[in-house]
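Examining the three-dimensional arrangement
Letter by letter, the chains look like this.
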Amino acid sequence: MNRRRFVCAAAAGVAALAGSRGLRAAQDDLVIRGGRVIDPSLRLDAVGDVAVAGGRITAVGQGIAGDAAEVVDATGRLVVPGLLDIHTHYARDLEGARVGLAGGVTGWIDAGSGGADQIDEMAAVVRSSPQPAAVLINIGRAGILPDGDTMDLRLADVDAATDAVSRHRDVVAGVKVRLTRGVAADDVEVLRRAQEVASSFGLPVMAHIGQTASPLPLLLDEMKPGDIVTHMFAPPPNSILDGEGRVFPEVLAARRQGVWFDVANGRTGHLRWDTFDAILATGFWPDTVSTDGNTTSATAESVIDFPNVLSKFLNLGLPLDEVIGLATANASRVFPLLRDRGTLNVGAPADIAVLELREGTFQFVDNYGNTRTGNQRLFPAGTVLGGRLVEQA
């Protein structure tokens, strides 16, 4: 669908949704009025209003009338589905969820902050989160270690991880494995053990790649449909590019077979501008964007918040609606927990991010202190979670 046809479809979609009176409450709890409503799941991109009642979206359209209990003027701003961050480290403490909310995040996955030895504490954080949340249990039972999660192969403890998932199946969404050289003693064996645990419960594995001892094609042989390759822009050695700067055929085959490729921006070793440019030049774009953020990300120039990370792709010329889709509609498909999120469809949970798109001169930083300049940047301007406007600190 070309851009012109997209806009026409969006206008038709807005009109159709605005006519869905059967789902409207007598009085809406909240109306966000006059913003540019962008929802890739519905092919919507038009100025309009979003109405909410009972924690659900009741209408999206133009000129929504009614005596809502609360009205938010979003003129000049973007109104999009709540952002879904599938690679965070928010389960380390209760502050993580609040940090996410401030950046428009209405659903998150913790990607292996802890293993079997920390599962009870992480599960408690997840269950206390205001947003839908879950953890990927680290196959290394002691979690992230300065000397390497599984440099001692005994720490890749299948029995301990299996027991931990069994006790907290409601909050475990998968298994995380970090495969960088110096983190895993035998990356192939560690990945196999992660798959053994995950397969017992029908769960995906998220594999942290980049600077591995083994070539990436060898690791991909151990991955299955529904698994996630994270840090897809990690520089060599053993990135997703071969020595000639081409995407490995095995990477293309993995995507065709249902493996997801995620950004996980992070702050150390995961994104370098030259590798970033080389991968995108091949036409291999990510399935999802995530932050790899934690409670201190606001002070890390390479992350700051989710809108800042998304802005890196916006400044490469990717259309705004597609950038939003990488953090909403696409992300909602990766984990069952998020399946009914990432949309403004009538009847969906009323999770909404209000963003401001500013024009100017902005600096964007990779994980190696290299900067590049862009002329657009997204900023968080408000979050609605479960139909309620989140008060920012």
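Note that the structure is a prediction, hence the values are computed from the model and not measured. (Residues numbered from 1 in each chain as written. Predicted model: local features only at pLDDT ≥ 70, side-chain atom pairs only at ≥ 80, totals over all residues. Heavy atoms only, no water.)

**Brief notes about the overall build of the protein**
When its secondary structure is counted, the protein shows 10 helices and 15 strands. What you see for the protein is a C-alpha radius of gyration of 21 Å, in line with the 21 Å of a compact globule of 393 residues. With the C-alpha coordinates of the protein rotated into their principal frame, the extents come out at 65 × 45 × 35 Å. In the protein, which comprises 393 residues, the share counted as buried stands at 59%. Summarising the internal contacts of the protein: among those between residues at least 6 apart in sequence, 71% fall at separations of at least 24. (Helix = DSSP H or I, 4+ residues; strand = E, 2+ residues; numbered from the N terminus. Rg over C-alpha atoms; globule rule 2.2 N^0.38 Å. Buried < 20%, exposed > 50% of the residue type's maximum accessible area, 1.4 Å probe, protein only. Contact = heavy atoms within 4.5 Å.)

**With respect to the environment of glutamine 257**
Position of glutamine 257 relative to the elements: it lies in the loop between α7 (249-256) and β12 (260-261). Sequence separation of glutamine 257 and proline 225 is 32 residues, and the distance between their C-alpha atoms is 5.8 Å.

**A word on the packing of aromatic side chains**
This model, assessed by the stated rule, comprises seven aromatic pairs. The interplanar angle of 85 degrees and the centroid separation of 5.6 Å between the aromatic rings of tyrosine 90 and tryptophan 108 together place this pair among those described as edge-to-face. Of this pair, tyrosine 90 sits in the loop between β6 (83-88) and α2 (95-102) while tryptophan 108 sits in strand β7 (residues 105-111), and the two are 18 residues apart along the sequence. In this pair, the class of tyrosine 90 matches that of tryptophan 108, namely buried. Aromatic pair phenylalanine 276 and phenylalanine 313: ring centres 5.4 Å apart, planes at 55 degrees, arrangement tilted. Residue phenylalanine 276 is located in helix α8 (residues 273-281), and its partner phenylalanine 313 is located in helix α9 (residues 306-314); the two are separated by 37 residues in the primary sequence. Across the pair, phenylalanine 313 and phenylalanine 276 agree in class, each one buried. (Phe/Tyr/Trp six-rings, centres within 6.5 Å; stacked < 30°, edge-to-face > 60°.)

**Description of the side chain of aspartate 39**
Counting through the fold element by element, aspartate 39 comes out in strand β1 (residues 30-39). For the buried aspartate 39, no salt bridge exists, and the shortest N-O distance to an oppositely charged side chain is 10 Å, to arginine 43. In this structure aspartate 39 touches Leu44, Pro81, Gly342, Thr343, Leu344 and Asn345, once residues within four positions along its chain are discounted. (Lys, Arg positive; Asp, Glu negative; His and termini not counted. Salt bridge = Lys/Arg side-chain N within 4 Å of Asp/Glu carboxyl O.)

**Some remarks on the sheet that holds β12**
Strand order in this open sheet of seven strands is β6-β7-β8-β9-β10-β11-β12, and the pairing throughout is parallel. Edge positions in the sheet fall to β6 and β12, since each of these pairs with one other strand and no more. As defined by bridge partners, β7 adjoins strand β8 (residues 133-138) across four bridges and the pair is classed as parallel. Bridging across to β8, isoleucine 109 finds its partner in alanine 134. Sheet strands touched by helix α3 (residues 119-128): β7, β8 and β9 (172-178). Its angle to β8, the strand with the most contacts, is close to 165 degrees. (Pairing = 2+ DSSP bridges. Axes fitted to C-alpha atoms, helices over the stretch in contact; angles between N-to-C directions.)

**Considering the nonpolar core**
Judged by nonpolar contacts, the single largest core of 82 residues is most densely connected at Ile139, Val177, Phe233, Ile240 and Val251. Counting residues per element, this core draws most heavily on helix α5 (residues 187-201), at six residues. Counting residues in hydrophobic clusters, the runner-up holds 16 residues, among them Val50, Val52, Ala74 and Val79. (Core = buried A, V, L, I, M, F, W, Y, C linked by side-chain atoms within 4.5 Å.)

**Overview of the packing of helix α4 (residues 158-167) against α5**
α5 packs onto α4 with a crossing angle of 30 degrees between their chain directions and a minimal axis gap of 10 Å. Between α4 and α5, the crossing angle belongs to the class labelled roughly parallel. The handedness of the crossing between α4 and α5 comes out as right-handed. Residues Val158, Ala161, Thr162, Val165 and Ser166 of α4 form the contact with α5, whose participating residues are Arg193, Glu196, Val197 and Phe201. (Parallel < 35°, antiparallel > 145°, perpendicular 65-115°, else oblique. Left-handed = near helix turned anticlockwise from the far one by under 90°.)

**Remarks on the layout of surface pockets**
Where empty space is left in the structure can be found by rolling a water-sized probe over the atoms. What the largest pocket holds in volume is close to 370 Å³. Around the largest pocket, the lining comprises 21 residues; the ones closest to its centre are Arg178, His208, Thr268, His270 and Asp292. In the lining of the largest pocket, the residues fall into three nonpolar, 13 polar and five charged. (1 Å grid on protein atoms, 1.4 Å probe; cavity = no way out; pocket = protein on both sides within 12 Å on 5 of 7 lines; lining within 4 Å. Points joined across faces, edges and corners; volume = space filled by probe spheres on them. Nonpolar A, V, L, I, M, F, W, Y, C, P; charged D, E, K, R; others polar.)

**Considering the pattern of salt bridges**
Applying the stated criterion to the full structure yields 20 salt bridges. The salt bridge involving aspartate 117 is made with arginine 141; its shortest N-O contact spans 2.9 Å. Taken together, the residues span a long stretch of sequence, with aspartate 117 in the loop between β7 and α3 and arginine 141 in the loop between β8 and α4 at a distance of 24 residues. Judged by relative accessible area, which is 40%, aspartate 117 ranks as partly exposed. Through salt bridges that share partners, Arg77, Glu356 and Arg358 make up one connected network.

**Some details on the confidence of the model for the protein**
Within the protein, residue pLDDT values average 93, and 93% of them lie at 70 or more. Below pLDDT 50 for its whole length, residues 1-22 participates in 29 contacts with residues either more than four positions away or in separate chains. (pLDDT = per-residue confidence, 0-100.)

**Some points on α3**
Within α3, the full set of buried residues consists of Ile119, Met122, Ala123, Val125 and Val126. For α3, the buried positions fall inside an angular range of 160 degrees around the axis, keeping them on one side. At its buried positions, α3 is contacted by β7, β8, α4 and β9. (Arc of directions from axis to C-beta.)

**Focus on the side chain of serine 302**
Structurally, serine 302 is set in the loop between α8 and α9. Judged by relative accessible area, serine 302 falls into the buried class, the value being 5%. Leaving out residues up to four positions away in the same chain, serine 302 has contacts with Asn265, Gly266, Arg267, Asn308, Val309, Lys312, Val365, Asp366 and Asn367.

**Quick look at unusual backbone geometry**
Between proline 236 and proline 237 the backbone carries a cis peptide bond, its omega angle lying at 5 degrees. Considering the arrangement of structural elements, one finds proline 237 in the loop between β11 (228-230) and α7. At arginine 43, a position not held by glycine, the phi torsion is positive, near 55 degrees. Along the chain, arginine 43 turns up in the loop between β1 and β2 (44-53). Residues other than glycine seldom take positive phi values, yet glutamine 211 does so here, at roughly 55 degrees. By the element assignment, glutamine 211 lies in the loop between β10 (205-208) and α6 (216-220). Taking relative accessible area as the criterion, glutamine 211 reaches 19% and is therefore assigned buried.

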